[in-house]
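Listed here are the chains, written in short residue letters.
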Amino acid sequence: MPLFTVVLTRVFFGEKQPTLVYLSLLPIITGVGIATVTEISFDMMGLISALISTMGFSMQNIFSKKVLKDTNIHHLRLLHLLGKLSLFIFLPLWLYMDSFAVFRHTAIKNLDYRVIALLFADGVLNWLQNIIAFSVLSLVTPLTYAVASASKRIFVIAVSLLILGNPVTWVNCVGMTLAIVGVLCYNRAKQLTRGREQPTLPLSQTSYVKYSPLEQQADPYYRGSVNGKLSNGLHRTPGNSLLANGSGMPSGTATRLLFV
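Residues numbered from 1 in each chain as written. Predicted model: local features only at pLDDT ≥ 70, side-chain atom pairs only at ≥ 80, totals over all residues. Heavy atoms only, no water.

## A closer look at the overall build of the chain
Working step 1: Across its full length, the chain carries nine helices and zero strands.
Working step 2: Helices (α) and strands (β) of the chain occur, in sequence order from the N terminus, as α-α-α-α-α-α-α-α-α.
Working step 3: Every one of the 260 residues in the chain was classed for burial, and the buried ones make up 24%.
Working step 4: Surface exposure of the chain reaches about 18,900 Å², of which carbon and sulfur atoms provide 67%. (Helix = DSSP H or I, 4+ residues; strand = E, 2+ residues; numbered from the N terminus. Buried < 20%, exposed > 50% of the residue type's maximum accessible area, 1.4 Å probe, protein only. Areas by Shrake-Rupley, 256 points an atom, 1.4 Å probe, with all protein chains shown as cover.)

## With respect to the confidence of the model for the chain
Working step 1: Residue-level pLDDT values for the chain average 75, and 72% of them are 70 or greater.
Working step 2: Per-residue pLDDT stays below 50 along residues 228-232; that stretch engages in 15 contacts with residues further than four places along the chain or on separate chains. (pLDDT = per-residue confidence, 0-100. Contact = heavy atoms within 4.5 Å.)

## A few points about the side chain of Thr9
Working step 1: On the secondary structure map, Thr9 appears in helix 1 (residues 2-13).
Working step 2: Residue classification places Thr9 among the buried positions, given a relative accessible area of 7%.
Working step 3: Not counting residues within four places of it along the chain, the set of residues in contact with Thr9 comprises Gly14, Glu15 and Ile62.

## What to know about the nonpolar core
Working step 1: In terms of nonpolar packing, the biggest core is built from 17 residues, with Leu25, Ile28, Leu143, Val147, Ile154, Met176 and Tyr186 touching the most fellow members.
Working step 2: Taken together, the elements giving at least two residues each to this core come down to helix 2 (19-37), helix 8 (142-164) and helix 9 (170-197).
Working step 3: Examining the composition of this core, we find that six residues originate from one element, helix 8, more than from any other.
Working step 4: Setting aside residues no more than four positions away along its own chain, Leu143 makes contact with Pro2, Thr5, Val6, Gln17, Val21, Leu25 and Tyr186. (Core = buried A, V, L, I, M, F, W, Y, C linked by side-chain atoms within 4.5 Å.)

## Regarding helix 4 (residues 75-97)
Working step 1: Spanning 23 residues, helix 4 covers 31 Å between terminal C-alpha atoms, matching the ideal 33 Å at 1.5 Å per step.
Working step 2: Roughly 40 degrees is the biggest bend found in helix 4, and it falls at Phe90, with proline Pro92 one to four residues downstream.
Working step 3: Residues His75, Leu78 and Leu79 constitute the buried set of helix 4. (Expected span 1.5 Å × (residues − 1). Bend = angle between axes of the 7 residues up to and from the residue.)

## With respect to the environment of Lys16
Working step 1: Turning to its location among the elements, Lys16 is positioned in the loop between helix 1 and helix 2.
Working step 2: Sequence separation of Lys16 and Val6 is 10 residues, and the distance between their C-alpha atoms is 8.2 Å.
Working step 3: Discounting chain neighbours no more than four positions away, the residues touching Lys16 are Arg10 and Tyr22.

## Description of the pattern of salt bridges
Two side chains bearing opposite charge may form a pair once their charged atoms approach each other closely.
Working step 1: Overall, the coordinates contain one salt bridge when judged by the stated rule.
Working step 2: Measuring nitrogen to oxygen at the nearest pair gives 3.0 Å for the salt bridge that ties Lys66 to Asp70. Taken as a pair, Lys66 and Asp70 lie in helix 3 (residues 44-71) at a separation of four residues, close to a single helical turn.
Working step 3: On the accessibility criterion, Lys66 (35% relative accessible area) is partly exposed. (Salt bridge = Lys/Arg side-chain N within 4 Å of Asp/Glu carboxyl O.)

## Describing the UniProt feature "transmembrane region" (unreviewed entry) in the chain
Working step 1: Mapped onto the present numbering, the UniProt feature "transmembrane region" (unreviewed entry) falls at residues 20-37, 83-103, 115-148 and 154-186.
Working step 2: Span residues 20-37 is 100% helix and 0% strand, its end C-alpha atoms 27 Å apart.
Working step 3: Helix makes up 88% of residues 115-148 and strand makes up 0%, while its end C-alpha atoms are separated by 31 Å. (UniProt positions renumbered as here; feature names shortened; annotations may be inferred.)

## Describing the environment of Leu68
Working step 1: Topologically, Leu68 is positioned in helix 3.
Working step 2: The spacing of Leu68 and Ser138 is 70 residues in sequence and 7.0 Å in space, taken between C-alpha atoms.
Working step 3: Sequence-distant contacts of Leu68, that is, excluding residues within four places in its chain, are made with Ile73, His74, His75, Leu78 and Ser138.

## Description of the side chain of Ser99
Working step 1: Secondary-structure assignment places Ser99 in helix 5 (residues 99-104).
Working step 2: Within the local environment of Ser99, its side chain forms a polar contact with the backbone oxygen of Leu95, the two atoms lying 2.4 Å apart. (Polar contact = N/O pair within 3.5 Å; in protein donor to acceptor, adjacent residues only side chain to side chain.)

## Things to note about unusual backbone geometry
A negative phi angle is the norm for most residues apart from glycine, just as the trans form is the norm for most peptide bonds.
Working step 1: Of note in the backbone geometry, Asn72 takes a positive phi value of approximately 60 degrees without being a glycine.
Working step 2: With respect to the helices and strands, the residue Asn72 is situated in the loop between helix 3 and helix 4.

## A closer look at the packing of aromatic side chains
Working step 1: The final tally for this structure, using the stated rule, is four aromatic pairs.
Working step 2: A centroid spacing of 6.4 Å and a plane angle of 55 degrees characterise the contact between Phe12 and Phe13, whose relative ring orientation is tilted.
Working step 3: Among the aromatic side chains, those forming a connected cluster through ring pairs are Phe12, Phe13 and Phe63. (Phe/Tyr/Trp six-rings, centres within 6.5 Å; stacked < 30°, edge-to-face > 60°.)

## Re the environment of Pro18
Working step 1: Among the structural elements, Pro18 can be located in the loop between helix 1 and helix 2.
Working step 2: Along the chain, Pro18 and Thr193 lie 175 residues apart, while their C-alpha atoms are 7.1 Å from each other.

The following block contains the structure:
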């Protein structure tokens with residue numbers, strides 16, 4: 001997923017990443033590949049299907065992030081809209097492809113509550129996973145989310161090895177360890193690049209500002225007016241008319257102005 005995310009964001013939006021980020025993706029991709037290929041249940045057709053599915057997930061994450069950024073829609077609202085669209089699109093396909101096989105299964109016919117409970121738990125957990133995924137995607141970039149998803153893959157492989165009882169080889173361990181190290185390198189690369197992008201404020205700056213007095217303007221409320229009279233017909237007072245105690249002011253009230 002990190003590889004697809006980098007390539008697709010470059011193709012669709014022209015987004016470039018720093019060199020350190022590109023280098024940190026290499027151990028992640030290599031580690032996940034080693035841990036996947038060395039599984040006993042590996043199948044080439046399954047790998048191709050998984051790669052196509054991963055590319056689809058990458059495109060979903062990229063365009064979902066763009067929608068969140070451009071429209072300022074809430075991420076759970078976007079998930080709700082995508083869920084309704086997915087239901088309308090895939091419900092006819094499910095009814096045609098899988099519904100008859102599911103309802104004809106012996107576990108469903110015999111009302112095996114264990115299988116039904118597992119299906120229900122699978123749906124609830126998938127729903128929670130989507131909520132957490134969109135919540136994380138609203139906070140980070142698609143590439144960071146892809147790296148987090150890659151680390152999740154390593155955890156899934158490790159748990160599947162424990163639950164299914166598949167024998168673990170040293171190549172599996174090397175692949176998972178390499179992917180984990182790659183995630184740490186990616187986090188460090190993002191910190192370094194973020195520190196370079198942030199501008200630093202100067203601690204001290206010497207500036208010289210020259211102040212010059214105002215020119216002699218015919219402003220009745222600053223320097224009076226020409227020929228001893230104000231523009232409103234009143235006589236000017238000595239000094240600044242604005243500082244006078246109401247003299248020369250149109251309202252005739254006792255107003256004092258102080259300039260700092």
